[in-house]
2 protein chains.
Amino acid sequence: MTQHGTVARILDTAEQLFAEKGFAETSLRSITSRAGVNLAAVNYHFGSKKALIQAVFERFLTPFCAALDAAIDRRLADTGAEQLSLEDLLALVARTAIELNARDPARGVVFMRLIGLAYNESQGHLRRYLASRYGNTFARLQRLVRQAAPGVPPAEMFWRAHFALGSVIFTLSGLAPLMAIAEADFGRRQAFDDVVQRLLPFVSAGLRQGANA
Amino acid sequence: MTQHGTVARILDTAEQLFAEKGFAETSLRSITSRAGVNLAAVNYHFGSKKALIQAVFERFLTPFCAALDAAIDRRLADTGAEQLSLEDLLALVARTAIELNARDPARGVVFMRLIGLAYNESQGHLRRYLASRYGNTFARLQRLVRQAAPGVPPAEMFWRAHFALGSVIFTLSGLAPLMAIAEADFGRRQAFDDVVQRLLPFVSAGLRQGANA
DNA sequence: CGCCCCCGCAAACATACGTTTGAAACATAT
DNA sequence: ATATGTTTCAAACGTATGTTTGCGGGGGCG
């Protein structure tokens, strides 16, 4: 990863190891030894393991949410309308996630895995933290999705949004083994974009069924 | 839980605690103390924690796969055809899962959470074990799904199946908090069946888009 | 009875973990 | 050059984990 100081090296390695093995299964010792820093550095710079985990999420999510909000603003201003189509919206999210990490295209996938882990976290500490920290952007997204599928009652749309979220997170979260299986079964190697190209219509179809227009 | 011996009590408690907190986060001591058995009983009866985890899956999955296979056979014989509709198939899976645990309706959901955890497992030991143990039933399901949506290329269907699986597992895996949010946002309490009733059309729509007939 | 085998139990064992400590190294500014 | 605040380091601490051990009880059988 990048070449800067101890803090960044810890964050880089932690992000990768957490995504590979989960939070509980990743020890601070494995992080610090791979990062080439002293064990005590984590507690010195972050305070605790829990704080490290939050810092990993923060480093990705804060710029991402800012960029996404800006992209939505821009798009709304361009079209002059007050709402976006479902495809526009989904593509916007996917594009900002990709463009924000142009140097390392795999990072978006890695991070989707982290979000999947956060959702499956037992006590939900992380879920609550993320909801309180980035709830605004998330609520805005939810509102836009609801407007993009008129005629679908809000409660129904709430569930559909989570179904869609499940598809995305689950797939991107276990992408590597899935791509290996697909390659073994169907011969040709699949690219990441192929999967996204298939994923977006799938969730669109599910989200908008029964909607007017 | 049932009233039988030590082994069953361990399995009952382990199933529940694993679903609540994950495998790594659940200690043998928490299992044995809640089950009211001695700590050493786990290693005595199962050999290791890993073997316990596999036993939990086996106790649920072996009867389930057998019942599902039988149900599919029966349905195929009834209709006289060689394939089933997508709705038939999905309903069949849901129904056997529910009917097999009529005494404890929540168990199917609990177990979906376990499957979700197994999928997110780091090294994939569990994934491999389940694939080798229950691969036959799984392959048959996959084949039937493919036949139910003619005109969709196999590779495309492979991915859509995993998208659908993601919706189901993700949703049922985190059902409790989701239902709480839904209740807070929309007032009336949602039943489990309501969610399933919404989930099935969602995945059907995504699975069959672009299919002939 | 005496033997054996299965099971339950308290205790100990070894290991891995997150965290803390105190001193050394470093940088920076006066 | 001295002093001050920050960062790094090796080592230790306390705790929790999975696993093993050795003893004891109880039921079936010769």
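Residues numbered from 1 in each chain as written. Chains lettered and ligands numbered in written order. Predicted model: local features only at pLDDT ≥ 70, side-chain atom pairs only at ≥ 80, totals over all residues. Heavy atoms only, no water.

(A) Layout of the domain arrangement of chain A. Residue and element names in this part refer to chain A. In terms of domain boundaries, chain A breaks down into domain 1 (1–47) and domain 2 (56–208). Inter-centroid distance (C-alpha atoms) of domain 1 to domain 2 is 26 Å. Residue-level contacts link ten residues of domain 1 with ten residues of domain 2. Summing the contributions of domain 1 and of domain 2, the shared interface buries around 910 Å²; its carbon and sulfur component is 66%. Among the residues of domain 1 in contact with domain 2, Glu15, Ala19 and Phe23 are the three that bury the most area, contributing 63% of the side total. Linking domain 1 with domain 2 are three salt bridges, by the criterion used here. In this structure, the connection of domain 1 to domain 2 is made through four residue pairs in polar contact (both at pLDDT 80 or more). Residue classes in the side of domain 1 that touches domain 2 are distributed as six nonpolar, one polar and three charged. (Domains from an automatic or database assignment. Contact = heavy atoms within 4.5 Å. Buried area = accessible area lost by both parts, 1.4 Å probe. Salt bridge = Lys/Arg side-chain N within 4 Å of Asp/Glu carboxyl O. Polar contact = N/O pair within 3.5 Å; in protein donor to acceptor, adjacent residues only side chain to side chain. Nonpolar A, V, L, I, M, F, W, Y, C, P; charged D, E, K, R; others polar.)

(B) Geometry of the interface of chain A and chain B. Each partner contributes to the interface: chain A provides 46 residues, whereas chain B provides 46 residues. Here chain A and chain B share an interface that buries about 3900 Å² over both sides, 71% of which is from carbon and sulfur atoms. Remark: the boundary between chain A and chain B carries two salt bridges. Counting the contacts that link chain A with chain B gives seven residue pairs in polar contact (both at pLDDT 80 or more). Among the elements that line the side of chain A that touches chain B, the one with the most residues is helix α8 (residues 154–173) of chain A, at 16 residues. Of the residues assigned to the side of chain A that touches chain B, the class counts are 26 nonpolar, eleven polar and nine charged. (Helix = DSSP H or I, 4+ residues; strand = E, 2+ residues; numbered from the N terminus.)

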